[in-house]
Amino acid sequence: MARSYDEIPHIGTLPEDYQTRIGPYLASMYEKHGPIFRATTLFGDEVVYLVGPEANRFVLSSERLKFSHHQGWGQAFGVINMLGNGLLTMDGAEHDQHRRMMNPAFAVSYMDKYLPIMNRVIRERAAKWLAKKEVDIYQEARKITFDVAAEALAGLKIGPDVDRFRDIYVQMLMLGMVAMSEQDYADNLERLKGELYALLAPKIQERREHPTDDVLGMLVRARDDQGRALSDEQLIAHTNILLVAGHETSTSLSAWLLYLLSQNPAYERRVLDEQAALLSPDAEPTLDAIKQMKVLDNALSEAERLYPPVANGPRGVVEDFEFNGYHVPAGVFVFYSIAATHLLPSVFANPAHFDPDRFAPPREEDKKTPYSLVGFGGGPRICIGINFAQVEIKALASYSLRHYRLEPVPNQEIVQFYRGTGMPLNGITMRVTKRERMTV
Ligand code: HEM
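The following paragraphs examine the structure supplied in this document.

Pairing analysis gives 2 bridges linking strand β1 (residues 10–13) to strand β2 (residues 36–40), with the strands arranged parallel. Within β2, the residue paired with His10 across the bridge is Arg38. What joins β1 to β2 is helix α1 (residues 22–33), and the crossover it makes is right-handed.

Further remarks concern the site of the ligand. Lining the immediate surroundings of the ligand are 24 residues, of which Gly246, Gly313, Gly377, Cys383 and Gly385 lie closest. Contributions of two or more residues to the shell around the ligand are made by α12 (232–263) and α18 (386–403). At 7 residues, α12 tops the list of elements feeding residues into the shell around the ligand. Looking at the shell around the ligand, its residues break down into 14 nonpolar, 8 polar and 2 charged.

It is worth spelling out the packing of helix α15 (residues 294–306) against α18 at this point. Following both chains from N to C, one finds α15 and α18 inclined at 115 degrees, their axes separated by 11 Å at the closest point. With respect to α18, the axis of α15 lies roughly perpendicular. Where α15 crosses over α18, the two elements pack in a sense that is right-handed. In this structure, α15 uses Leu296, Asp297 and Leu300 to contact α18, whose residues at the interface are Gln390, Ile393, Lys394, Ala397 and Ser398. Counted by class, the contact of α15 with α18 contains 4 nonpolar, 2 polar and 2 charged residues.

The omega torsion across Pro361 and Pro362 is 0 degrees, close enough to zero to call that bond cis. The topology assignment puts Pro362 in the loop between α16 (338–341) and α17 (365–368). Although it is not a glycine, Asn350 adopts a positive phi angle of roughly 45 degrees. Counting through the fold element by element, Asn350 comes out in the loop between α16 and α17. Look at Tyr371: it is not a glycine, yet its phi comes out positive at around 65 degrees. Here Tyr371 is to be found in the loop between α17 and α18.

This part takes up the packing of helix α13 (residues 265–278) against α15. Between α13 and α15, the least distance of the axes is 8 Å, while the angle of their chain directions is 140 degrees. The orientation of α13 relative to α15 falls into the category oblique. Of α15, the residues touching α13 (which contributes Tyr267, Arg270, Val271 and Glu274) are Val295, Leu296 and Ala299. Each residue belonging to the contact of α13 with α15 can be placed in one class, and the counts come to 5 nonpolar, no polar and 2 charged.

Here we take up the environment of Leu196. Within the element layout of this structure, Leu196 appears in helix α10 (residues 182–209). Judged by C-beta crowding, with 22 C-beta atoms within 10 Å, Leu196 ranks as buried.

The next point concerns the nonpolar core. Of all hydrophobic cores here, the largest spans 79 residues; its most connected members are Ile137, Leu243, Leu257 and Ala299. If you tally residues by element for this core, the top one is α12, at 15 residues. Excluding anything up to four places from it in sequence, Ala299 contacts Leu257, Leu260, Leu261, Tyr267, Val271 and Pro356. Counting 37 residues, the second largest nonpolar core, distinct from the first, contains Leu60, Ala311, Tyr326 and Leu373.

This next bit is on the sheet that holds strand β3 (residues 46–51). Spatially, 6 strands are ordered β1-β2-β3-β9-β6-β4 in an open sheet, and the strand pairing comes out mixed. Here the strands that pair on one side only, and so sit at the sheet edges, are β1 and β4 (67–68). Two elements, β3 and strand β9 (residues 333–337), share 4 bridges in a ladder whose sense is parallel. Note that in β9 the partner of Tyr49 across the bridge is Phe335. Of the strands in this sheet, β4, β6 (312–317) and β9 are in contact with helix α3 (residues 69–76), which crosses β6 at around 115 degrees.

Calculation rules
Residues numbered from 1 in each chain as written. Predicted model: local features only at pLDDT ≥ 70, side-chain atom pairs only at ≥ 80, totals over all residues. Pairing = 2+ DSSP bridges. Helix = DSSP H or I, 4+ residues; strand = E, 2+ residues; numbered from the N terminus. Right-handed = clockwise from strand over helix to strand, strands pointing away. Near = placed C-beta within 6 Å. Nonpolar A, V, L, I, M, F, W, Y, C, P; charged D, E, K, R; others polar. Axes fitted to C-alpha atoms, helices over the stretch in contact; angles between N-to-C directions. Parallel < 35°, antiparallel > 145°, perpendicular 65-115°, else oblique. Left-handed = near helix turned anticlockwise from the far one by under 90°. Contact = placed C-beta atoms within 7 Å. Buried ≥ 20, exposed ≤ 12 C-beta atoms within 10 Å, placed from the backbone. Core = buried A, V, L, I, M, F, W, Y, C linked by C-beta atoms within 7 Å.

Here you go:
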């Protein structure tokens, strides 16, 4: 007989500095209380945490239909109010149908089409770094990933329009931090949404008249089971989610990867050796070369593990369930925890330590326990942009490491803070010098 909801351990109110240590804090609660516990958020709401690979499998795969993205990301996290109802916030048949429409554009075979855009944007943006001498690698990564998402996914022409789009999204994501009151927040959000609509609606109309080959063009042409086209509102919501999810997360992870490599010169040396073996210094990476960058790939997985851009996956519970001997009723709000799972010593040896070889044979710690490395989620609703993001981040790292030596300027406070994604709160300022030869 399952124990009641009220018997689930309650860990009290989350600490004030929760946003800067979600992973370590929740991992320590797991060690103390096991894979399910309750907490009160700083806003006074009660939430249930499900932590660890088994919990991830339960939420993402075996019992996934008992959980709602719409209630989690959509309503509790306010994504629908901000960006509209796109793929991330849909449930059930509606979600599956829209995901089927978009899937082809994210298959590995499509990456050949995106990689030249990625390489060009990286080259043009990174060419300016040397003259600046010091750059905030987080802000630079954002310009690159946004330009790439805007051109590759929405077919937008890079330039002032795209810069304006980026500014609007950044302002939207920052609103929670800067708004003076709820009214101020609501007014500013409406203003920004209006601006976004005014910019996007003509682009959609253009695509209706002259179909394009990007994801937005594909969605404009798509028809549902009843032969209906998507409305402007639906198309704008999808575009918003793709542009926001498609750049914000990759920005954080790119910055953390470059930072981690700068802190671990012995491993960076091995990445450079691998680059030298695969590419001449000025060559642009091909998809084939990117696939062969195993040493870099393992560093990327380690950055994903240590600094996951998404800390927790929010869900509304739509059907009662039992987990680890406890009954959880519909109507409750839960998180599966990505950041905490990544720090469990039962899964990852010495988890606080940077050790990309944990992903190489014979150790392959992530493969030994399914659903243990879940920076991109998992199961049928795994991140649709996983291939896109991994190719892009590896292309960016490959270019910057082969051309520049990047060293964080001393005395800066580098801290991860979860606001939307796990960004470096104050950025990461790097000194940029030319890498003459492939030496560390
Ligand atoms: C480092 C980069 C990225 C990370 C860490 C990341 C992470 C995630 C995670 C954890 C989820 C699942 C959320 C959940 O289970 O609640 C997700 C879903 C999603 N991601 Fe990503 N993402 C990244 C890049 C991208 C890119 C490049 C795109 C678009 C081009 C994208 C679009 C989406 C969408 C649309 C969903 C919802 C999919 C669905 O529910 O069917 N993401 N992402």
